[in-house]
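# Architecture and fold: a report
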Amino acid sequence: MRHRTALALILLVLLTAGLTSQSPVRTLAPAVEAKIDSIIRLMTLDEKLGQLNQIGGTWYDTKTERLNEEQTALLKAGSIGSFLGVTGAAETGRIQRIAVEQTRMKIPVLFSADIIHGFHTITPIPLAEASSWNPALVERSARVAAMEGAASGVHWNYAPMVDIARDPRWGRIAEGSGEDPYLGSVMAAARVRGFQGNDLRAFGSLLACAKHFAAYGGAEAGRDYNTVDMSERTLRETFLPPYKAAIDAGAWTLMSAFNEIGGVPSSGSPWLMTDLLRTEWGFKGMVVSDYTAVMELMNHRIAADSTEAGIIGLSSGVDIDMVSRIYLRKLPEAVRTGRLSMAVVDEAVRRVLRVKFAYGLFDDPYRHARPEKEKELLLSKEHRAVALAMAHQSVVLLKNEKALLPISPTMKTVALIGPLAGSENRRDLVGAWAWAQRPEDVVSVIDGLRSKLPAGTRLLYDRGCEISSDSGYRAEQAVKLAKQADVVIAVLGESQRLSGEAASRSDIGLPGRQLELLKALKSAGKPVVLVVMNGRPLTLQWEADNIPAIVEAWHLGVEAGNALADILTGAVNPSGKLPVTFPRNLGQVPLYYNHKSTGRPFSVKDHYTTRYLDVPNTPLFPFGHGLSYTTFAYSALTVAKNEITAGSTLDVSVTVANTGTRAGDEVVQLYLRDDVASVTRPVKELKAFRRVSLAPGERTTVTFTLTPVDLTFLGPDLKPRIEPGTFTLFAGGSSDAALETHFAVVP
Ligand code: BGC
C-alpha cells in the first residue's frame, strides 16, 4: 500500500525539484560579456541582422572557390554571420580573411556542416553506434569526426541528432539513438563531449548542435516533416530528455525542428524556444533554425508573409535563420516600423557573438583550419581504427541457431550473395549523411571477407538482384552458386537513399525483390546466414522464421567490410544490442518496450484485453536484444536495502557469468518499474547499463547505484516528484530481462 500524505508529497517535490529542472550553463567571463555589449553598440541594424543570417555555400561543392559574386558582396557588407556546407582549410581560410579584413566590424564568420557520423572517415550511422551501448567509444568516434572537420575549417557541427524515434517508417531514425530516453540521453551527452572536448579552443573541437528541437521524431505515421501531436507529459518524459542531456553536457547550440507540436511550429514557438529552453532550462547558447524552417512558417500558415515569418521566428527565440534570408531582408523594415524591437535583435546577436567568443574566433579566426592537418588526419590509420572498433561493436547478432556463426573453418566454400555484398554498391554501406565520402574509401563485404577467410576457402559471389528495382533479378544464377557452397551469406537491405532525411517508407520489409531472392536461396538447401544493412528496424518475420542466423549490420561506414568479415569469421565476437524495437509487422507500430500497462493488460486467458487478432503484442526482437557467440547467465539480483527514503541512493547488484566457450562482451541492463504511482508509469524503464568483458567461465558482479533522479517522475502537475511505495527492478541482457527484485521507498 502506498502512503500519499500531502506533506510527504510536498517534501518530495522540494527534494527532487532541483534534480531535474536546472542544468549547469556555460557562461563567459563578465569582461567578455561587456565586450560583446560594446560590439553590439557599435553595430548597425543591418550588421546585426547579418550575424543572424546564414547562407549555404555551393552545397558541399568540392571545387576550390565556393562563393559567387553576390555572396562575396554580402560577406563584405557584413551581411553573413555564418555559412553552411563550406569546408576545406584553404577555402574557409580565404572566406574568413574577407570577413576579418574587409568588413567594417571585422567579426569572424562561423562555418557549419553536417558531420553526422564522420567526415571522411565515415563511422557507423548513429543508430548503429547506439547499438554498441558504449558511450566511451561513441565519444571517441565523435572526436574523430571533430578532428577531421576542424582541420577542414568547420567550426560548428550540426550533430548530434538526438530525436527519439518510435516509428521505424521515419527515415531519420537512422540519425539518432533509437527509442529510449535514457540511452538516447547517454549517447547525446557522449557525442557532445566528443565533438566539443574539454576545451572548445583546443585543436579538434567543434561546436555541437543538438537537433531537432523538439520532438521531430514524433512525426505522425513516420512521414518526414509531418505533424507532431503529443501530450506535454510524453514530450517531457520521452522526447525532451536527450536535448536536455546534450545541453547539460555543454552543447552550445541547438537547431529548431521543422515540425509543429500541437498546433505550434517548433521554429515559431515562444514556449519551446524561450519559456522552456531559456527560462526553465537556463540555456545560454544559440538556436539556429533548420533549413528554411523560418520561411516554412508560411507553409504552416501561421505567418501571412515572410516578414511575419521572420518576426515570429526571431521573437520566439530562433537566433539564426538558416538560408531563407528572411531575417536579413525583411527584419530591417520590421524594426524600423516598430513591429520588432531592437532588444530582441540585440539578444539574438549577443547569443551568436557569445558562441564566437567561446569558440575563440576573436582570438584566432582561422582556428583549427590547417591544410597540413587535413592531409594528416583525413582517413588516417588511427581514425580508420576507431571506425573499425566502432563498427565491430555496432553489429547486433539477432539470431544464431545451432551456432551456425561464426563460419566454421570446415566450410570450404562460401557463397556470398546480394546487392550489398560486392564492390559496386559501396556507397550504400556508409548510409545517410556521408556527403564527403568516396566509394573507393569503403571496404566492401567481398573484399573484407576475401582478406579474412582462411586460405583455401573458396568465395563465390553473385549480386542476385538490385536493392530496390525489379530489373537485374538473377536468382537462378545465385541459387546455382548456393548449391555449390557449404554456407550461403546473403547481404541484403537498404540503399543509402532509403533512410535519412525525406526517406520515410510505408513498408519496412526488405525492398525490391530481395525477400524473393532470399527464399530462392533457402530452397538451395544450404545453411543461410542473412546479413542485413539498413538505417531502420525492418520487418523480418519470414526471415526470422526461416533463416537460422541473422546479423543486423546497419550501415557501418568505411570499415564495413572488414568489421563484418571479423564478425562472420569469429575474429570478433558480436556484442551490440538493439537501441530500438523490431516489430513483427508494420501494423504493430509504434511498438516500444517502455509502454504503459493500460486498464486491460494483455492476458491469454481474457479476450477483452489489449491485443491484435492477427499478430502477438510482442516484438520480433525486443529493445536491448543482441546475442553473442558465447552465452551469459544472470543471477543474484540484489538490493543493498529493502527500504530507502526518497532522498537516498540504492546499490543494486547482479552477477553475470560467461557460460560459453569464447570470450565475449555483454551489456548488462537494469530496468525499473514504479509499481503504483499517482499517474500511469511505463511497465519498465531502462535506468542503467554496463558493458563487461568476460573470459569463458568468468563471472562478475556489476553494481549500479540508483539515485533519486532515477526514481523521479512527473506528477499530475507535471512537476518532478518521488512517491513512496514499492518498485520492481529487472536485470538481464535485454528489455525482456527475467530476473527481478523489489524495494520500497518509505516516507
Ligand atoms: C536537416 C538538418 C540539417 C540541415 C542542414 C536540414 O534539411 O533537417 O538536419 O542540419 O538540413 O544541412
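Residues numbered from 1 in each chain as written. Predicted model: local features only at pLDDT ≥ 70, side-chain atom pairs only at ≥ 80, totals over all residues. Heavy atoms only, no water.

We now examine unusual backbone geometry. In this model, Phe213 is joined to Ala214 through a cis peptide bond whose omega is 10°. With an omega of 0°, the peptide bond running from Val589 to Pro590 counts as cis. You can see Pro590 is positioned in the loop between α21 (560-569) and β17 (632-639). Positive phi, close to 50°, is recorded for Lys402, a residue that is not glycine. The topology assignment puts Lys402 in the loop between β11 (396-400) and β12 (413-417). The backbone of Leu718 shows a phi angle near 65°, a positive value even though the residue is not glycine. Relative to the elements of secondary structure, Leu718 occurs in the loop between β23 (713-714) and β24 (720-721). Judged by relative accessible area, Leu718 falls into the partly exposed class, the value being 22%. (Helix = DSSP H or I, 4+ residues; strand = E, 2+ residues; numbered from the N terminus. Buried < 20%, exposed > 50% of the residue type's maximum accessible area, 1.4 Å probe, protein only.)

Counting residues in each nonpolar core, the largest one holds 92 residues, and the members touching the most others are Leu52, Trp156, Phe213 and Val345. Examining the composition of this core, we find that 8 residues originate from one element, helix α14 (residues 342-358), more than from any other. Listed in part, the 48 residues of the second largest apolar core include Leu492, Leu521, Ala544 and Leu578. (Core = buried A, V, L, I, M, F, W, Y, C linked by side-chain atoms within 4.5 Å.)

The immediate surroundings of the ligand are formed by 14 residues, with Asp114, Arg172, His212, Asp290 and Glu501 found nearest. Within the side chain of Arg172, an N or O atom sits 2.7 Å from an oxygen atom of the ligand. Side-chain polar atom of Lys211 to an oxygen atom of the ligand: 2.8 Å apart, as the coordinates give it. Burial of the ligand by the protein amounts to 96% of the accessible area it has alone, namely 310 Å². For the shell around the ligand, the per-class residue count stands at 8 nonpolar, 1 polar and 5 charged. (Near = heavy atom within 4 Å. Polar contact = N/O pair within 3.5 Å; in protein donor to acceptor, adjacent residues only side chain to side chain. Areas by Shrake-Rupley, 256 points an atom, 1.4 Å probe, with all protein chains shown as cover. Nonpolar A, V, L, I, M, F, W, Y, C, P; charged D, E, K, R; others polar.)

So, on to the sheet that holds strand β18 (residues 643-645). Strand order in the open sheet formed by 5 strands is β18-β26-β25-β20-β21, and the pairing between neighbours is mixed. Pairing within the sheet leaves two strands with one partner each, and these edge strands are β18 and β21 (685-694). Between one strand axis and the next, the sheet turns through 25° on average, direction left out of account. (Pairing = 2+ DSSP bridges. Axes fitted to C-alpha atoms, helices over the stretch in contact; angles between N-to-C directions.)

With 95% of its residues at a pLDDT of 70 or more, the protein shows a mean pLDDT of 95. Scored below 50 in pLDDT, residues 1-25 shows 51 contacts in the model against residues more than four places distant or in partner chains. (pLDDT = per-residue confidence, 0-100. Contact = heavy atoms within 4.5 Å.)

This part is about the packing of helix α12 (residues 306-316) against helix α13 (residues 326-336). Orientation of α12 relative to α13, taken along the N-to-C sense of each, is 95°, at an axis distance of 9 Å. It follows that α12 is roughly perpendicular to α13 by the angle criterion. Packed against α12, whose contacting residues are Ser306, Thr307, Ala309, Gly310, Ile311, Gly313 and Leu314, the element α13 presents Ile326, Tyr327, Lys330, Leu331 and Ala334 at the interface. Residue composition of the contact of α12 with α13, by class: 7 nonpolar, 4 polar and 1 charged. (Parallel < 35°, antiparallel > 145°, perpendicular 65-115°, else oblique.)

Bringing helix α11 (residues 270-280) into the picture now. Spacing of three or four residues puts side chains on the same side of an α-helix, whose turn is 3.6 residues. Among all positions of α11, only Leu272, Met273, Leu276, Leu277 and Arg278 are buried. End-on, the buried residues of α11 take up no more than an arc of 165°, which puts them together on one face. Phi for Gly282, located one or two positions after α11, is positive at around 70°. (Arc of directions from axis to C-beta.)

α11 packs onto helix α9 (residues 232-239) with a crossing angle of 55° between their chain directions and a minimal axis gap of 15 Å. In this view, α9 runs oblique relative to α11, as classed from their interaxial angle. Pair α9 / α11 crosses with right-handed handedness. Residues Glu232, Leu235 and Arg236 of α9 form the contact with α11, whose participating residues are Trp271, Leu276 and Glu280. Of the residues that constitute the contact of α9 with α11, the class distribution is 3 nonpolar, no polar and 3 charged. (Left-handed = near helix turned anticlockwise from the far one by under 90°.)

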